[in-house]
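What follows is each chain in one-letter form.
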Amino acid sequence: MPIADRFTTHDVDNQPPPLAPYDAYASDVALREAVAREGAGWAEAQLIAYGPIVGDEAMALGVAANAHRPALHTHDRAGQRVDDVEFHPAYHRLMALAIEHGVTGFAWRHAEHEGAHVARAALMYLHNQADQGTSCPLTMTYACVPSLEQQPELAREWMPRVVAPAYDGRSVPASAKLGNTVGMGMTEKQGGSDVRANTTRATPLGAAGPGVLYELVGHKWFFSAPMSDAFLVLAQTDEGLSCFLLPRFAPDGARNAVRIQRLKDKLGDWSNASSEVELQGALAWMVGEPGRGLATILQMVMLTRHDCVIGSASIMRQALVQAVHHARHRRAFGKALVDQPLMRNVLADLALESEAATALAFRIARAVDASGRDERERALARVVTAVGKYWVCKRCPPFVNEAQECLGGNGYVEDWGLARLYRQAPLNSIWEGSGNIQCLDVLRALRKEPASTEALFAELESVRGGNTLLDRETGALRKLLGDNGDLEPQARRVVERMALALQTACLVRAGNVAIADAFAESRLARAHGVTFGTLEPSAPLQKALIERVLPIS
Ligand SMILES: Cc1cc2nc3c(=O)[nH]c(=O)nc-3n(C[C@H](O)[C@H](O)[C@H](O)COP(=O)(O)OP(=O)(O)OC[C@H]3O[C@@H](n4cnc5c(N)ncnc54)[C@H](O)[C@@H]3O)c2cc1C
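Everything quoted here is computed from the prediction, not taken from an experiment.

> Can you lay out the packing of helix 3 (residues 44-67) against helix 6 (residues 116-130) for me, pointing to particular residues and giving the numbers?
In contact at an axis separation of 7 Å, helix 3 and helix 6 are set at 20 degrees when each is read in the N-to-C sense. Viewed along their axes, helix 3 and helix 6 adopt a mutual orientation that is roughly parallel. Crossing geometry of helix 3 relative to helix 6 is assigned as right-handed. Residues Gln46, Leu47, Tyr50, Gly51, Val54, Ala58, Met59 and Gly62 of helix 3 form the contact with helix 6, whose own contacting residues are Ala119, Ala122, Leu123, Leu126, His127, Gln129 and Ala130. Looking at the contact of helix 3 with helix 6, its residues break down into 10 nonpolar, 5 polar and no charged.

> Describe the pairing of strand 9 (residues 274-287), with residues and values.
Counted residue by residue, strand 9 has 12 buried out of 14 residues, so it is predominantly covered. Here 10 bridges tie strand 5 (residues 211-224) to strand 9, and the two strands are oriented antiparallel to one another. Of the residues in strand 9, the one forming a bridge with His219 is Glu278. As defined by bridge partners, strand 7 (residues 240-247) adjoins strand 9 across 3 bridges and the pair is classed as antiparallel. Paired with Phe244 across the two strands is Met286, which belongs to strand 9. Sheet topology places strand 8 (residues 258-263) next to strand 9; 5 bridges connect them, and they run antiparallel. By the bridge assignment, Leu263 is partnered in strand 9 with Ser275.

Rules used throughout
- Residues numbered from 1 in each chain as written.
- Predicted model: local features only at pLDDT ≥ 70, side-chain atom pairs only at ≥ 80, totals over all residues.
- Heavy atoms only, no water.
- Axes fitted to C-alpha atoms, helices over the stretch in contact; angles between N-to-C directions.
- Helix = DSSP H or I, 4+ residues; strand = E, 2+ residues; numbered from the N terminus.
- Parallel < 35°, antiparallel > 145°, perpendicular 65-115°, else oblique.
- Left-handed = near helix turned anticlockwise from the far one by under 90°.
- Contact = heavy atoms within 4.5 Å.
- Nonpolar A, V, L, I, M, F, W, Y, C, P; charged D, E, K, R; others polar.
- Buried < 20%, exposed > 50% of the residue type's maximum accessible area, 1.4 Å probe, protein only.
- Pairing = 2+ DSSP bridges.

So, in structure tokens, the structure goes:
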């Protein structure tokens with residue numbers, strides 16, 4: 001008998017099996033309800049097709065794309081600049097799967113259908129659970145469309161490729177591909193929130209191709225997805241800050257003068273290359289009016305900010321399903337963890353938070369979707385995108401930490417997935433305008449656009465009578481916002497209250513009274529501690545909440 005067999009020490013027991021493969025759409029009751037409620041039921045076939053891929057192949061690809069991080073090659077062997085980033089094949093496959101299934105272009109290709117942006121949000125929500133790094137170029141490609149449309153000649157040439165369900169990761173000019181991806185360059189060393197301080201300079205060269213060509217000299221301090229086919233960037237002109245479309249290959253087919261200095265060594269988000277670049281006379285076409293660059297690019301930023309809400313809600317969802325799955329299969333002190341009363345409180349509380357985050361993310365999706373048709377929804381989207389970006393993204397890190405703890409020590413170990421989610425969790429709160437910037441934006445919207453205040457209260461009043469705590473909070477918020485005092489120092493508190501009221505309203509409208517009441521009591525009436533797992537004891541509700549998370553397999 002081999003020595004190893006003679007000294008067998010133990011059987012491996014009581015370690016939960018992997019959750020994957022599973023169907024990430026069919027198993028998600030809250031998501032399916034949100035898709036139907038917010039008007040994307042007609043597009044379900046798209047989600048039904050992507051759900052099983054996300055819960056299987058894409059999950060494995062996500063692991064590989066993050067284990068093998070992108071590598072920068074500045075020069076070729078002969079010393080010529082190449083400025084190429086090499087990705088693991090898993091990254092390219094993830095991009096291809098996402099784009100072919102509509103994560104970037106579905107809403108634009110079905111723009112005539114109400115709810116197309118809601119369906120696209122659901123595709124992003126699914127994809128982001130498998131890999132968050134690819135979500136960065138995917139969201140930027142989706143979001144660039146309204147800005148690009150400001151320049152019809154450019155849009156005519158670029159748009160068909162930007163919205164196409166085709167991915168091509170080669171380093172060749174955009175026109176040689178069926179599908180293009182687009183990045184964004186706003187942040188510079190001296191300022192990210194205050195982009196008016198940008199120092200990159202643009203000098204006009206004259207009309208060329210589909211617009212007026214400029215030469216850009218300067219830098220960008222955070223420039224994610226530098227292998228995109230083009231970038232929307234800000235630079236100063238005589239008229240002020242302006243927006244440009246900067247192609248990776250110049251119009252003559254040579255590499256544009258976008259020099260990648262280095263890749264950022266980031267806390268997480270490892271499958272995504274984020275870089276620092278120098279623009280050494282790079283050629284770019286102006287987009288929109290000269291001097292109106294901020295207004296032009298903000299149309300893109302509104303959509304990427306919404307995707308931060310979708311992304312954080314989706315990270316929470318993935319952390320939650322892993323925690324519930326683990327607690328069902330792991331036993332301690334004679335019972336499955338999921339049957340331990342205190343663990344039930346933790347899981348139910350996380351489930352409640354996830355339900356509210358998802359419901360708000362998809363309500364915003366409907367407002368975004370209807371913005372072009374309905375003035376009130378446009379005004380609502382203007383304010384609730386910032387409210388959601390602040391609150392849902394802020395809730396993500398403590399949420400993932402608590403889900404991680406449900407797995408015990410395994411939650412801290414790379415193989416189990418939660419460690420990667422934990423590293424990713426703070427990012428959505430920081431980029432595309434950090435927390436304070438969102439809160440200040442909410443105040444600005446309320447001050448400058450009375451229609452946004454009206455739309456916000458119309459939304460809260462639309463469920464009047466559905467929950468008395470919400471009715472009371474709506475009155476209190478009206479009084480608070482009506483006061484003429486300086487709200488800026490307390491903006492976080494104000495926006496938090498708005499977010500909690502909106503989330504309650506979404507849950508009331510969703511029609512599950514027990515869930516809406518539990519959320520209102522714990523979050524509005526504060527019958528809750530500071531950490532998760534501090535709901536009032538209410539066993540039947542806790543059981544129902546946990547069972548909704550994931551069908552028992
Ligand atoms: C991984 C990653 C990828 C990124 N990719 C891109 C990209 O592709 N393209 C791009 O353009 N940018 C990108 N960014 C940059 C990101 O959008 C900025 O870092 C962010 O907007 C904050 O800007 P900043 O870093 O200059 O911080 P600052 O502007 O210096 O802000 C620092 C802090 O001060 C707060 N603050 C600022 N002004 C005020 C005020 N008036 N009152 C109160 N508080 C205030 C902010 O909320 C923030 O918390 C990326 C960032 C990260 C981390």
